[in-house]
Amino acid sequence: MSLSIKATRFCKHMVVSLTLSTICVAVNAASDDPLKLGLVSFYSGGASGPVGIPSRNGADVIIKAINEGTLPGSYSNSGKGAGGRPVAPVYSDEAVDSAARVTEYRNLVQRQGVDAVIGYASSGSCLAITPVAEELKTLTLLYYCGSTRIFEEGARKYVFRTMASQDVENIAAARYITSLNPKLKSISGMNQNYAWGQDSWRDFKESLDQIKPAVSVKTKQFPKIFAGQYGAELTALARSGADVVHSSFWGGDMEALILQGAPRGVFDDQTLLLTTGGTAFYSLADQIPEGTVIGARGQGDMFAPESELNTWFRNAYKKAYGENPTFPAYYMAQSVLALKAAADKAAKAKGGAPAMDEVRAAMKGIEYASPAGTIKMARANGHQAITGVGYGTFTLVDGKPSLKNVRRYSAECVNPPAGTSSSDWIKSGFLGAQCKQ
């Protein structure tokens, strides 16, 4: 390792003298110095199968192509690496308690010396990690969690989110279910009792209040996250007799809801609306009730637009893992590509391998290509992505899972304008929304 590289790492993680601090300002990354990238998700436990492992696989597919210089489409002439540096992943498991997640983040940055972090599926994790990332001045990309509080509770310098926030998918869900059932009269809710579930239900209900204000609530259930057993809540849902049951359950909880509710007939006469249902689309095809509304938290997987990059990603993933990539794989890939796009942009401007602060500056407001379409970092002063959202109705065709009544909502239709909170925008009646009829 060169002296300059050692100095760079030393300056980032240690208290330094004035002399060495002065040296650090001028030191830049070398093109042969790997960009160490922390990648965090649930790699064990109930959320690993539906979310964490596909996410890791998606990252591996993209990182391999980045390092080999074989990405297609708009990246075909971008060369090897991110900003000219090979990407070296360092994986960390999110399946620990909240305090340990913060400790593990600090370990990634201060002990393992990662240059940037991509990760976190749980909104609770993201809310805990965000202030630490700002404290440690480390570029951190949130790839999956959805809480609007991340950016509505304060401006961020080092934290970005490369997918839409949870308000967007619930606004789209309200639009979809009212178009699917114009005579909708009642709803119930089944959402986890923490920020993600509470905020998802709020935004869905408040959106319906604007679109169809006469809709009533029969019951709203908020079990503990990862509870696993939902007998009492399912009984309440069955008795409610609502037209639609809204659920933002994700990972193993969402799968448990299907596996426990469908055999009891809870959803025989009530339409189940799963905002994250896409992770079960292939694996639980025989158990998902016919007519269930399926979302993918954006426009990944079955809602991804056709493109050379999307076709390549699906084929490369299937070749490597023997199955189709679900939307967590798409959104982890989306985040890794954001890092490459920003690093390449910074390298081009500089004429050499950029420092991470230069990559961070290039990330702000960037627009780039992903397998799920074009991503624009257009909210929260360029730190929050806006994307379109897709929904469809589940059906089996010749024994294979399929979607009918597919609708895609553009980013301009379901994302609040920059500088406007989601709650205020919903209560305004979606002022300025540009929705194609």
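Residues numbered from 1 in each chain as written. Predicted model: local features only at pLDDT ≥ 70, side-chain atom pairs only at ≥ 80, totals over all residues. Heavy atoms only, no water.

A look at the domain arrangement of the chain
Line of reasoning, step 1. According to the domain assignment, the chain consists of domain 1 (31–164 + 305–386) and domain 2 (167–296 + 388–427).
Line of reasoning, step 2. The straight-line distance from the C-alpha centre of domain 1 to that of domain 2 is 27 Å.
Line of reasoning, step 3. Every contact between the two is made by 27 residues of domain 1 and, on the other side, 26 residues of domain 2.
Line of reasoning, step 4. Together, the buried faces of domain 1 and domain 2 total about 2000 Å²; carbon and sulfur atoms form 61% of this surface. (Domains from an automatic or database assignment. Contact = heavy atoms within 4.5 Å. Buried area = accessible area lost by both parts, 1.4 Å probe.)

Comments concerning the nonpolar core
Soluble globular proteins tend to bury their nonpolar side chains together.
Line of reasoning, step 1. Grouped together as the largest cluster of nonpolar side chains are 82 residues, with contacts concentrated most on Leu37, Leu39, Leu139, Leu339 and Met363.
Line of reasoning, step 2. The element best represented in this core is helix 12 (residues 327–350), accounting for 14 residues.
Line of reasoning, step 3. Shared between two domains, this core takes at least three residues from each, and those domains are domain 1 (31–164 + 305–386) and domain 2 (167–296 + 388–427).
Line of reasoning, step 4. What leucine 37 contacts, discounting residues up to four positions off in sequence, is Ile63, Val87, Ala88, Pro89, Val90, Val114, Ala116, Val117, Ile118 and Leu339.
Line of reasoning, step 5. Formed by 25 residues, the second largest nonpolar core is a distinct cluster that contains Ile171, Leu273, Val389 and Ile426. (Core = buried A, V, L, I, M, F, W, Y, C linked by side-chain atoms within 4.5 Å. Buried < 20%, exposed > 50% of the residue type's maximum accessible area, 1.4 Å probe, protein only. Helix = DSSP H or I, 4+ residues; strand = E, 2+ residues; numbered from the N terminus.)

Digging into the pattern of salt bridges
Line of reasoning, step 1. Enumeration according to the criterion identifies 15 salt bridges in this entry.
Line of reasoning, step 2. Between arginine 297 and glutamate 169 there is a salt bridge, with its nearest N and O atoms 3.0 Å apart. Of this pair, arginine 297 sits in the loop between strand 10 (293–295) and helix 11 (308–321) while glutamate 169 sits in helix 7 (residues 166–180), and the two are 128 residues apart along the sequence.
Line of reasoning, step 3. With relative accessibility at 3%, the residue arginine 297 sits in the buried group.
Line of reasoning, step 4. Classification of glutamate 169 as buried rests on a relative accessible area of 2%.
Line of reasoning, step 5. For the salt bridge of glutamate 412 with lysine 376, the shortest nitrogen-to-oxygen distance reads 3.9 Å. One end of the pair, glutamate 412, is in helix 14 (residues 411–414); the other, lysine 376, is in strand 12 (residues 373–379), and 36 residues separate them in sequence.
Line of reasoning, step 6. A cluster of three or more residues bridged by salt bridges with shared partners is formed by Asp33, Arg85 and Asp115. (Salt bridge = Lys/Arg side-chain N within 4 Å of Asp/Glu carboxyl O.)

What about the state of the cysteines?
Line of reasoning, step 1. Following the criterion strictly, the structure yields two disulfides and no others.
Line of reasoning, step 2. Paired by a disulfide, cysteine 126 and cysteine 145 hold their sulfur atoms 2.0 Å apart. Its S-S torsion of about -105° marks the bond between cysteine 126 and cysteine 145 as left-handed, since a negative value means left-handed. Placement of cysteine 126 in helix 5 (residues 123–136) and of cysteine 145 in the loop between strand 4 (139–142) and helix 6 (149–152) is noted, with a sequence separation of 19 residues between them. For the pair formed by cysteine 126 and cysteine 145, the shared burial category is buried. (Disulfide = S-S within 2.5 Å.)

Looking at unusual backbone geometry
Line of reasoning, step 1. Even without being a glycine, aspartate 301 presents a positive backbone phi close to 55°.
Line of reasoning, step 2. As for its position among the elements, aspartate 301 is in the loop between strand 10 and helix 11.
Line of reasoning, step 3. Although it is not a glycine, asparagine 405 sits at a positive phi angle of roughly 55°.
Line of reasoning, step 4. Note that asparagine 405 resides in strand 15 (residues 400–409).
Line of reasoning, step 5. Taking relative accessible area as the criterion, asparagine 405 reaches 45% and is therefore assigned partly exposed.

Brief notes about the sheet that holds strand 15
Line of reasoning, step 1. Strand order in the open sheet formed by seven strands is 7-6-8-9-10-14-15, with mixed pairing between adjacent strands. Every interior strand has two partners, whereas the edge strands, strand 7 (216–221) and strand 15, have only one. Across this sheet, the average inter-strand angle for adjacent strands is 20°, counted without regard to direction.
Line of reasoning, step 2. Here strand 6 (residues 186–190) pairs with strand 8 (residues 244–247) via three bridges, running parallel. If you follow isoleucine 187 over to strand 8, its bridge partner there is valine 244.
Line of reasoning, step 3. Where helix 9 (residues 231–240) meets the sheet, its contacts fall on strand 6, strand 7 and strand 8, and the angle it forms with strand 7 comes to roughly 170°.
Line of reasoning, step 4. Across the sheet, helix 10 (residues 251–261) is in contact with strand 6, strand 8 and strand 9 (271–274); its angle to strand 9 comes to roughly 170°. (Pairing = 2+ DSSP bridges. Axes fitted to C-alpha atoms, helices over the stretch in contact; angles between N-to-C directions.)

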